[in-house]
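What the coordinates show
Residues per chain are reported as follows:
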Amino acid sequence: MFRYEGELREIFLKYKFRDKSYLREFFADSISRLITESNSNSKNNKISNKKVYNFLNQYDIITPVPLHSKRKLERGYNQAEQVLKLVFEDNNINNNQAFKQILKNNIKPEKYSRSEPIKGQIEYKQNKYEQIEYEQNRYKQIENEQNKYKQIEYNNNILEKVKNIKPQSTKSGAEREQNTKNAFRIKNENAKKIIKQKNVLIFDDIYTTGSTFNECKRVLLENGAKSVGAFMIAKDF
């Protein structure tokens, strides 16, 4: 989503290693804005909210990368879990009303495809009954499109970390891969049932070499997940 550099990198370091847990609100708000606000006309944004919804719609479950219990006790929180929880609970990522507005701004019935409402005004010259029919068709198409989008389930009880490894930021690429080998496992039998034949999205704060994601992905696939994807706050290029 974002580049792990400059001021953003400093904010990450404060959040993860300097006991600034309140910064979770900054990251959660950034994600929520990306999802619920229209960015499709901005040259500075590489992704629009509709693209985000299309991406999320591929998955049934989203789960944060877990911390080892000792690390979580030392830090006081799992940074990825805190952000994801805020996005889902406080900002309601599954709120279809937000997506309905996105669709409303992009859908036009085929019958009147030669013209669109601009600034709330109807440009075509039909009478008021045709205008009513136009709006009814438009909202029906919005509803049909909306129904294609499923609810993605937030679940933080899928994986657990069993190796209390040193922070990945101190490791090289090869060391990171070795460091994360067999570091995760499925949490319990119930978690295995939940992910069976499901498309699972892994959420984490920073993507660097992909070693953490790849190990989590391996564990999930070996335990019955249909597919596994990644959703990260920032990427270290």
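Residues numbered from 1 in each chain as written. Predicted model: local features only at pLDDT ≥ 70, side-chain atom pairs only at ≥ 80, totals over all residues. Heavy atoms only, no water.

Next up on the list: the side chain of E215. With respect to the secondary-structure elements, E215 resides in helix α10 (residues 211-222). For E215, the contacting residues outside a window of four places in its chain are T180, K181, N182, A183 and F184. (Helix = DSSP H or I, 4+ residues; strand = E, 2+ residues; numbered from the N terminus. Contact = heavy atoms within 4.5 Å.)

Our focus in this paragraph is the packing of aromatic side chains. A complete count under the given rule lists eight aromatic pairs for this structure. On the numbers, 6.2 Å between centres and 75° between planes, the contact of F55 with F231 is edge-to-face. Here F231 lies in strand β7 (residues 227-235) and F55 lies in helix α3 (residues 49-56), a separation of 176 residues in the sequence. Judged by its relative accessible area of 24%, F55 is partly exposed. (Phe/Tyr/Trp six-rings, centres within 6.5 Å; stacked < 30°, edge-to-face > 60°. Buried < 20%, exposed > 50% of the residue type's maximum accessible area, 1.4 Å probe, protein only.)

With that settled, consider the confidence of the model for the protein chain. Chain-level pLDDT for the protein chain is 77 on average; 66% of the residues reach the 70-or-more range. pLDDT under 50 marks residues 38-48. Its contacts with residues more than four places away, or in other chains, come to ten contacts. Throughout residues 110-122 the model reports pLDDT below 50, and contacts reaching past four residues in sequence, or to other chains, amount to 19 contacts. (pLDDT = per-residue confidence, 0-100.)

Bridging between strand β1 (residues 2-3) and β7 involves two bridges; their strand directions are parallel. Paired with F2 across the strands is A234, a residue of β7. In the sheet, strand β6 (residues 199-207) pairs with β7 via eight bridges, with the strands oriented parallel. Counterpart to N199 in the pairing with β7 is S227. The parallel pair β6 and β7, bridged by α10, forms a crossover whose chirality is right-handed. (Pairing = 2+ DSSP bridges. Right-handed = clockwise from strand over helix to strand, strands pointing away.)

Pairing between the strands of a sheet is mediated by backbone hydrogen bonds and can be parallel or antiparallel. Taking strand neighbours across the sheet as the criterion, the five strands line up as β1-β7-β6-β2-β3 in an open arrangement whose pairing is parallel. One side of each edge strand has no neighbouring strand; the edge strands of this open sheet are β1 and β3 (153-154). Here helix α1 (residues 6-17) sits on the sheet in contact with β1, β6 and β7, set at roughly 105° to β6. Contacts from α10 reach β6 and β7 within the one sheet, and its direction differs from that of β7 by about 160°. (Axes fitted to C-alpha atoms, helices over the stretch in contact; angles between N-to-C directions.)

In this structure the tally under the stated criterion is nine salt bridges. Ionic pairing is found between D205 and K16, a salt bridge with its closest N-O pair at 3.1 Å. Here D205 is found in strand β6, whereas its partner K16 is found in helix α1, with 189 residues between them in sequence. D205 gets classed as buried once you look at its relative accessible area, which sits at 3%. Taking the relative accessible area as the measure of exposure, K16 reaches 17% and is therefore buried. In this structure, the salt-bridge partner of E189 is K192, at a minimum N-O distance of 3.6 Å. Taken together, the positions of E189 and K192, both in helix α9 (residues 189-195) and three residues apart, correspond to about one turn of that helix. By relative accessible area, which is 29% here, K192 ends up partly exposed. (Salt bridge = Lys/Arg side-chain N within 4 Å of Asp/Glu carboxyl O.)

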